[in-house]
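Residue-level listing of the chains:
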Amino acid sequence: MAEIILGIESSCDDTSAAVLRDGVLLSNVIASQQVHKDFGGVVPELASRAHEQNIVPVVSEALRKAGIKADELSAIAFTRGPGLLGSLLVGTSFAKALGLALDKPIVMVNHLQGHILANFIRQEGVPVREPQFPYLCLLVSGGNSQIVKVTSPLEYEILGQTIDDAVGEAFDKCSKMLGLGYPGGPIIDSLAAQGDPDRFHFAKPNIPGLDYSFSGVKTSLLYFVRDEMAKDPQFLEKNKEDLCASFQKTLIDVLMGKLVRAAKETRIREITMGGGVSANSGLRQRMLEEGARRHWNVYLPERKFTTDNAAMIAVAGWFAYKAGVRTPLDVAPVSRMADF
Ligand code: KG4
């Protein structure tokens, strides 16, 4: 009998539902929340309210697009954490209620596991190209910057992570600081494409081991712009492309430096990326160049699967379901990785 998984994602500001049949994606519906734009960042209370409004139509649409009736589902996979607690509560409670009503098992998924398995989302008519285990995943989003060693779909180890800001946060905060808008990553990405990445230089962190730090790069940009603006009030406007390109290059240098080191230390050449920042054109390009130079096999997730989506939660849930994982109905969401 076919295994049909409904995936539900609500960890931050995207409400998403996806349906997977025997590992192949049938639908992936995402409602992104626009209410945060005016605030320059996600407002947790507004996010949970929007999830409450979106969850029923999004799940209904995912089932409709897939041509699947709710009682045909084998299991319901949902993001238990990490993320914003109020947002996670909506998806978790919905999954529990649906599981109870349909008498179907529920399977909890760690959001990060979804991102690191994004290359396993199979689509009809799209050639399959999946990393071999073990592989390294550079997981870069608004909440995380990590190098993860993935030994199997259910086993992974964090080799290094940020000790302060996530790299996506650095993109977002700097964009806000420069008055460019939110979310900053895509805006800086497109301005950077028109600028000179070697024009300006910002301080790079010197952190031991495989950990990251991004707050210093951000402060370096802030002070540099402040000092230049004191000399020429038009400095920002005249140089924003070069500023974005140079800042983006600094972040990419930092990310790649530790990834190269992790690949050398573990002798792993299967390399993937995941998370919102893995949509970045400069980072994708550098990953391919570095991969060619170092004889890595590089796997880049499709851009539509880099930001938060339920397809990756359904895939992670499918692996867990096949391994016999069933989550009790008294499960509660968790906001932090450490509580998982
Ligand atoms: O994975 P994601 O959708 O949400 C979580 O943080 O879990 O990632 C969102 C982050 C934001 O910080 C956003 O600015 C960044 O991903 N992002 C990008 C790009 N697209 C999204 N950063 C750099 N370049 C991009 N093209």
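Thresholds, definitions, all that
- Residues numbered from 1 in each chain as written.
- Predicted model: local features only at pLDDT ≥ 70, side-chain atom pairs only at ≥ 80, totals over all residues.
- Heavy atoms only, no water.
- Helix = DSSP H or I, 4+ residues; strand = E, 2+ residues; numbered from the N terminus.
- Contact = heavy atoms within 4.5 Å.
- Polar contact = N/O pair within 3.5 Å; in protein donor to acceptor, adjacent residues only side chain to side chain.
- Near = heavy atom within 4 Å.
- Areas by Shrake-Rupley, 256 points an atom, 1.4 Å probe, with all protein chains shown as cover.
- Nonpolar A, V, L, I, M, F, W, Y, C, P; charged D, E, K, R; others polar.
- Domains from an automatic or database assignment.
- Expected span 1.5 Å × (residues − 1).
- Buried < 20%, exposed > 50% of the residue type's maximum accessible area, 1.4 Å probe, protein only.
- Core = buried A, V, L, I, M, F, W, Y, C linked by side-chain atoms within 4.5 Å.
- Pairing = 2+ DSSP bridges.
- Axes fitted to C-alpha atoms, helices over the stretch in contact; angles between N-to-C directions.

(A) Expanded view of the environment of Asn239. Take Asn239: it is sitting in helix α7 (residues 235-266). When near neighbours in sequence (up to four residues on either side) are disregarded, Asn239 contacts Arg199 and Phe200. A distance of 3.0 Å separates the side chain of Asn239 from the side chain of Arg199, its partner in a polar contact.

(B) Looking closely at unusual backbone geometry. Cis peptide bonds are those with omega within 30 degrees of zero, and the linkage from Gly81 to Pro82 qualifies with -10°. Structurally, Pro82 is set in the loop between β4 (75-81) and α2 (85-102). Cis rather than trans, the peptide bond between Phe133 and Pro134 has omega equal to -5°. Relative to the elements of secondary structure, Pro134 occurs in the loop between β6 (122-123) and β7 (135-140). Phi angles above zero are rare outside glycine, and Asp22 is one such case at about 45°. Relative to the assigned elements, Asp22 resides in the loop between β2 (14-21) and β3 (24-32). The backbone of Asp103 shows a phi angle near 60°, a positive value even though the residue is not glycine. Note that Asp103 resides in the loop between α2 and β5 (106-110).

(C) Spotlight on the site of the ligand. Neighbouring the ligand are 19 residues; Gly142, Asp172, Asp189, Gly276 and Asn280 lie closest to it. The backbone of Gly276 places a nitrogen or oxygen atom 2.9 Å from an oxygen atom of the ligand. For the ligand, whose unbound accessible area comes to 550 Å², protein coverage reaches 88%. Elements with a contribution of two residues or more to the shell around the ligand: α3 (111-116), α4 (167-177) and α5 (184-192). For the shell around the ligand, the residue count by class is 5 nonpolar, 11 polar and 3 charged. Inspection of the shell around the ligand shows a minimum of three residues originating in each of domain 1 (4-121 + 305-322) and domain 2 (135-300).

(D) The arrangement of helix α9 (residues 310-322) in detail. The terminal C-alpha atoms of α9, which comprises 13 residues, lie 18 Å apart, in line with the 18 Å expected from a rise of 1.5 Å per residue. Ala310, Ala311, Met312, Ile313, Ala314, Val315, Ala316, Gly317, Trp318, Phe319, Ala320 and Tyr321 are the residues of α9 that are buried. Contacts made by the buried residues of α9 are with β1 (4-9), β2, β3, β4, β5 and α3. Backbone nitrogen of Ala311 and a side-chain oxygen of the N-cap are separated by 3.1 Å at the start of α9; the cap is Asn309. Taken from the residues just after α9, Gly324 is the one with a positive phi, measuring 90°.

(E) Main features of α5. Along α5, the positions that sit buried rather than exposed are Gly184, Gly185, Ile188, Asp189, Leu191 and Ala192. Looking at the packing, one finds that the buried side of α5 touches α4, α7 and α8 (281-294).

(F) Geometry of the nonpolar core. Ranked by internal contacts, the top residues of the largest apolar core, which has 44 residues, are Leu138, Phe247, Leu283, Met287 and Trp296. For this core, the secondary structure elements donating two or more residues are β7, α4, α5, α6 (215-231), α7, β10 (270-274) and α8. Here this core gets 15 residues from one element, more than from any other, and that element is α7. In contact with Trp296, other than residues within four places in its own chain, are Met256, Leu259, Val260, Ala263, Arg269, Ile271, Met287, Glu290 and Gly291.

(G) Expanded view of the sheet that holds β3. Pairing is mixed in the open sheet, where 6 strands are placed in the order β5-β4-β1-β2-β3-β6. The open sheet has two edge strands, β5 and β6, and neither has a second partner. For β4 and β5, the ladder comprises 5 bridges, and the chain directions are parallel. Paired with Ala77 across the two strands is Val107, which belongs to β5. Here helix α1 (residues 44-66) sits on the sheet in contact with β1, β2 and β3, set at roughly 25° to β2.

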